[in-house]
Structures are given as C-alpha cells and as structure tokens.
Amino acid sequence: MECSGPEPALTDRLLRSWLRCRRRAWLDRFGLASERQWNAHRALALSDQLRSFQTLLPQRPGHGEAACAAGAAGVVGLRLRGAGPQGVGLESHPSLLERIAGQSRWGAYAYRPVLARQGRRLTREARVVLALWGRLLAEHQQAPVPHGLVVAGEGRFLQRERLALASGLQHQLDESLQRLAADLAQSTPPPLVSDRKKCTLCSWRGVCDKEAAAMGHLSEVSGIGGKRREMLLEQGVTSLPDLAARDPELLAEALAAYGEQHREIAAELVAQARVQASGLPQRLGCGPVLPELAAAPGVLLYDIESDPDARDDFLHGFVVLESDGAGGWLEQSARYQPLLALQEHGEQRLWQRLQRLLARYPDWPVLHYGETEVIGLVRLAQRQGASEAEVARLRGRMVDVHARLRRHWRLPVSSYGLKTVAGWLGFAWSQKGVDGARCLLWWRQWRQWHRQGGSRGQASRYQLQRIFLYNRDDSLATWAVVRWLLAQP
Ligand code: SF4
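What comes next is a walk through the structure. Worth saying up front: this structure is predicted, and the values here are computed from it rather than measured.

The helix and strand inventory of the protein chain stands at 18 helices and 16 strands. Residues counted as buried form 48% of the 489 residues belonging to the protein chain. For the protein chain, the accessible area works out to roughly 24,500 Å², and carbon and sulfur atoms hold 51% of it. Averaging the locations of the 64 positively and 50 negatively charged side chains of the protein chain gives two centres separated by 6 Å.

In structure tokens:
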C-alpha cells in the first residue's frame, strides 16, 4: 500500500469508524469501494436523527457559512477545518449547529454542535466526535464551545443532554487522533476487532468474514466472543484448528483460573471447534427431536418482526402448513398469514385476532426459532388478562426449534442464528441482501407514509409486501431447519 504524498485530512467519519473498530477506519480509507456493502443501520440512524432534529428545531435549518452569518436558528452543511496533533489536517461536518447566546465573529450569538444519540446510552464514540466538532467550531466561530447538545427520541419524548467538552474529553480526542493517524500510516489493516458482534453493523463485514474464515479466527467458533477469545489467546490458543486440537480437560484446568464457570465451557468449545473443523454435524444423545410433530394435523410457523426502539411487535406472521396424514407435509399448499399490529388499533384487537387464528388450528404446534415469539406472545396474553390455564396452554403449544436444535445437534456453523443455520442447509431468502435492519427501515418508512395519510399508495403497498415476504421467508427458513431435523436418522 502506497502511503506517500500529502496526508489527506482526518475526518469525523474516519474518527467515528476508528472508535468503533481500528480496522474499519483503515478500510474506509484504503479498502476497495466495490467490497463495501450497503447496510441499513446508517439509514436507520439518519432517519432517527432527522426526527430528533425536527423536534428540536421545527423550522428548516439554514445551510453552511451563509446561514451562520445570517444567524439561522439551526445550520447544517458547514464544513469545519483545522489542525490536529503534529499538524495533521482535520475536517468535520457537524450534523447540526444550534444558535445559542454568546458572541462570535458573526455577531451577538454563537453556535454549539448537536449530536443525535443512538441507543440508550451516550457512547465514547459519540463523546469524542462531539469534542472534535466543538474544537473545530470554536476556531471557526472565534468563540468558545464549552458544551455540545445530545438529543434522542422525538416529539414529546425528545431527550436533551448537555455534554461538557472539558479538558478530559479533549485529551481523549487528541489521543484518539494520534492513534488513528498512526493506524492509517500502516501498509496493512489492523487486526479484526476482538468482539465480532460489532461487525453486524459494519459495511466491511463481507471482507472481514472472509478473512476470519480463511485464517480460522477464534471468533469463528460459535460461543466465542471478545472476552473468551482474550482468555484463549492468553492460554496460547490462537485459532480454530488450534482449539480443535486441544485436550478439553487440560483446557478446562487452564480456564478455571478465570473463574469456575469457564472450566465448564472448555469441553463445549473444543467440541464445537472440532465439528467446525470437520465440517460434519454431530448428534447429541438420542431420542426424537420434535415428537410433537409425529401426530400433528399441521403446524403453524410463527415469526414476529419488531421495532426494538419503539418496543413494538408490529408484525405477527404465520405460515399454515398441513400434514398429509402419512408422515409428509403439504408444502406446496402452505399459506402465509400476516397479522399487522398497528399501535393505533390497540393491543386488545391484536390479541383477539391472534386468539381467533390460534383457535382455528387447535391442536397444531406453533414452531418458532428463538425465544422472541414465546416471550412476546405470552406477555401479550398476560397483559390482556388471559388466565393462567390459557397461558399454560399457549406455552404448551409453542416449540422453539432453535432450542431443540441446540439440545440435539452440534453443527459446523459459526453461529446458530437462523440465517446461518438455514443458509448452511441451502435455504435461500427470496430477497437478496435483506436483513432485520433493512426490514425495520422499510417498516419505519411505511409507518411514516401511513401516518401521513398513505399519500404514496403504490410505493407504500410495495413496501409492505417486501416486509411480508421477508417475514414469510423467515418462517420458511425455520421450516427448512425442521425438515432437516425430521429427516435425520
Ligand atoms: S467487519 Fe468487524 S472487524 Fe471488519 S472492519 Fe467492520 S467492525 Fe472491524
């Protein structure tokens, strides 16, 4: 990698990337654009940010330097430049500037930067980026910026928090900028992030997944997160093949030094690594995996789509699949039945619709993948005053396919999530590259149009169809896992 010539500026976007994962900033600058994948999380964050900003400043913000000079209440699109440690160039585009009392080079007012928080807590990443905005803004407006504003939520739920941009934070900023510059001066990217859960939100995931698989990175072993990986590295276990070759008892002794609970997982980690190294699934114990299905007249495959921030289970999707009475299943005539749960219609109506649907297929097991569905449905029933007996009956019908799979099989997969397991079985989703985040983005767009009176009828219907298709495919993927489980001797 050629790194000579004038250094490009360090931007707030690079800094943000670096604070999430050092490698990510390097790839942002030097990675191949063709290998970068679009991901819905940024679009989701931008739409949340827009709603927060519109609540904070209902009038349209002005743009750039001219708006600052005119004293606009809010300003977007202002490019700020300055110099960082060792003279490195800095550049940032604050998401929003809010006019406040003060004295600046534009007159008897000044600005402060506003940042939209994601999630429930303000992260270090957000603090340091806000500190950069504050520092460059202070130089630009020739007036101090002692604090920034952090907002979250919208409407009457808008939260505001003043964040002091004090010397401790400025120190963190300088240190981060120095380390970022040092990483970007390297000819090879920093290593994969230790806790690869962070990769879910990253546009370089495809590149890094390939590298992790090729090098047998320990994070490829299902059950190994950042902390366990650190422990294993300290014990000299450096890769998946290395872990697979270990003696489980010796490893258990070594891991016990970090706490008794780690002794117990050693054997499981070695066994999982061996299955992944061999590529062959391993049966655990004996006995039927899904005895409920032997005499069932049919099954309901159930999947919920949720908006976690709004605590809204907005779609309850079912695939109705009948048995042929002779050990087979009438897959060709399976029917998808979505129940859209609009909050304005109230939970009672949703519960009645769910009860009616479940009552239509009284002895049919309800199959789902993971705990979300049983937790969501049982809580809904309890909130709606269902009796204990009714809740017990409901629970008795629910079959968590993920839990059964884990109890009876060890698979050569890096994760037991539905996407990975069904993908390993050859199941293909009908919409390429769609994930839960993209579905959530579609939902939020649809809900926005719907609240505005459905003015984009055709587009809005199409959006809903795509959400339904994604939800139906998740149920069919669950069925692909069930079918495989039933087919095993
Ligand atoms: S995919 Fe993961 S390891 Fe790769 S750059 Fe992104 S966060 Fe870092």
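The next thing to look at is the packing of aromatic side chains. Going through the model one piece at a time under the given rule, you end up with twelve aromatic pairs. When the ring of Phe314 is compared with that of Trp443, the centres are 4.1 Å apart and the planes differ by 5°; the resulting orientation is stacked. Here Phe314 is found in strand 12 (residues 312-322), whereas its partner Trp443 is found in helix 17 (residues 436-451), with 129 residues between them in sequence. Each member of the pair, Phe314 as well as Trp443, carries the same accessibility label: buried. Taken together, a centroid distance of 4.9 Å and an interplanar angle of 90° make the contact between Phe427 and Trp429 edge-to-face. The burial state of Phe427 is the same as that of Trp429; both residues are buried. Ring pairing ties together the aromatic residues Trp106, Tyr109 and Tyr111, which thus form one cluster.

What holds strands together in a sheet is hydrogen bonding between their backbones, with the strands either parallel or antiparallel. The five strands are arranged 13-12-11-14-15 in an open sheet whose pairing can be described as mixed. Two strands in the sheet have a free side with no partner beyond their single neighbour: strand 13 (335-340) and strand 15 (398-400). Neighbour-to-neighbour, the strand axes of the sheet open up by a mean angle of 25°, direction not taken into account. Relative to strand 13, strand 12 runs antiparallel, the two being bridged by six bridges. Within strand 13, the position partnered with Gly317 by the bridge is Pro338. On the sheet, helix 14 (residues 388-397) packs against strand 11 (298-307), strand 14 (366-368) and strand 15 and is oriented at approximately 40° with respect to strand 15. Along the sheet, helix 17 makes contact with strand 11, strand 12 and strand 13, crossing strand 11 at roughly 70°.

Turning next to the site of the ligand. Near the ligand the following residues occur: Cys21, Arg23, Arg24, Leu27, Leu192, Val193, Cys199, Cys202, Trp204, Arg205 and Cys208. Going through the elements one at a time, helix 2 (22-30) and helix 7 (205-215) are the ones with two or more residues in the shell around the ligand. Per-element tally for the shell around the ligand: the top contributor is helix 2, with three residues. Tallied by class, residues from the shell around the ligand come to eight nonpolar, no polar and three charged.

In this section: the side chain of Arg24. Looking at the secondary structure, you find Arg24 in helix 2. Look at Arg24: it is buried, it has no salt bridge, and the nearest opposite charge is Asp28 at 4.9 Å. Not counting residues within four places of it along the chain, the set of residues in contact with Arg24 comprises Ser17, Leu201, Cys202 and Trp204.

Let's shift gears to the packing of helix 13 (residues 372-383) against helix 14. Where helix 13 contacts helix 14, the two axes come as close as 10 Å, and the packing angle between them is 165°. Accordingly, the angle class assigned to the pair helix 13 and helix 14 is roughly antiparallel. For the pair helix 13 and helix 14, the sense of crossing is right-handed. Contacts between helix 13 and helix 14 involve Leu377, Val378, Ala381 and Gln382 from the first element and Val391, Leu394 and Arg395 from the second.

As a further point, take the pattern of salt bridges. Tallied over the full model, the rule gives 28 salt bridges. A salt bridge links Glu322 to Arg335, with the shortest nitrogen-to-oxygen separation between them at 4.0 Å. Placement of the pair is Glu322 in strand 12 and Arg335 in strand 13, with a sequence separation of 13 residues. We classify Glu322 as partly exposed; its relative accessible area is 33%. Judged by relative accessible area, which is 39%, Arg335 ranks as partly exposed. Connected through shared salt-bridge partners, Asp48, Arg51, Glu154, Asp307, Arg444 and Arg447 make up one network.

Rules and cut-offs
Residues numbered from 1 in each chain as written. Predicted model: local features only at pLDDT ≥ 70, side-chain atom pairs only at ≥ 80, totals over all residues. Heavy atoms only, no water. Helix = DSSP H or I, 4+ residues; strand = E, 2+ residues; numbered from the N terminus. Buried < 20%, exposed > 50% of the residue type's maximum accessible area, 1.4 Å probe, protein only. Areas by Shrake-Rupley, 256 points an atom, 1.4 Å probe, with all protein chains shown as cover. Lys, Arg positive; Asp, Glu negative; His and termini not counted. Charge placed at Lys NZ, Arg CZ, Asp CG, Glu CD. Phe/Tyr/Trp six-rings, centres within 6.5 Å; stacked < 30°, edge-to-face > 60°. Pairing = 2+ DSSP bridges. Axes fitted to C-alpha atoms, helices over the stretch in contact; angles between N-to-C directions. Contact = heavy atoms within 4.5 Å. Near = heavy atom within 4 Å. Nonpolar A, V, L, I, M, F, W, Y, C, P; charged D, E, K, R; others polar. Salt bridge = Lys/Arg side-chain N within 4 Å of Asp/Glu carboxyl O. Parallel < 35°, antiparallel > 145°, perpendicular 65-115°, else oblique. Left-handed = near helix turned anticlockwise from the far one by under 90°.

Function cannot be inferred from these measures alone, as they are strictly geometric.
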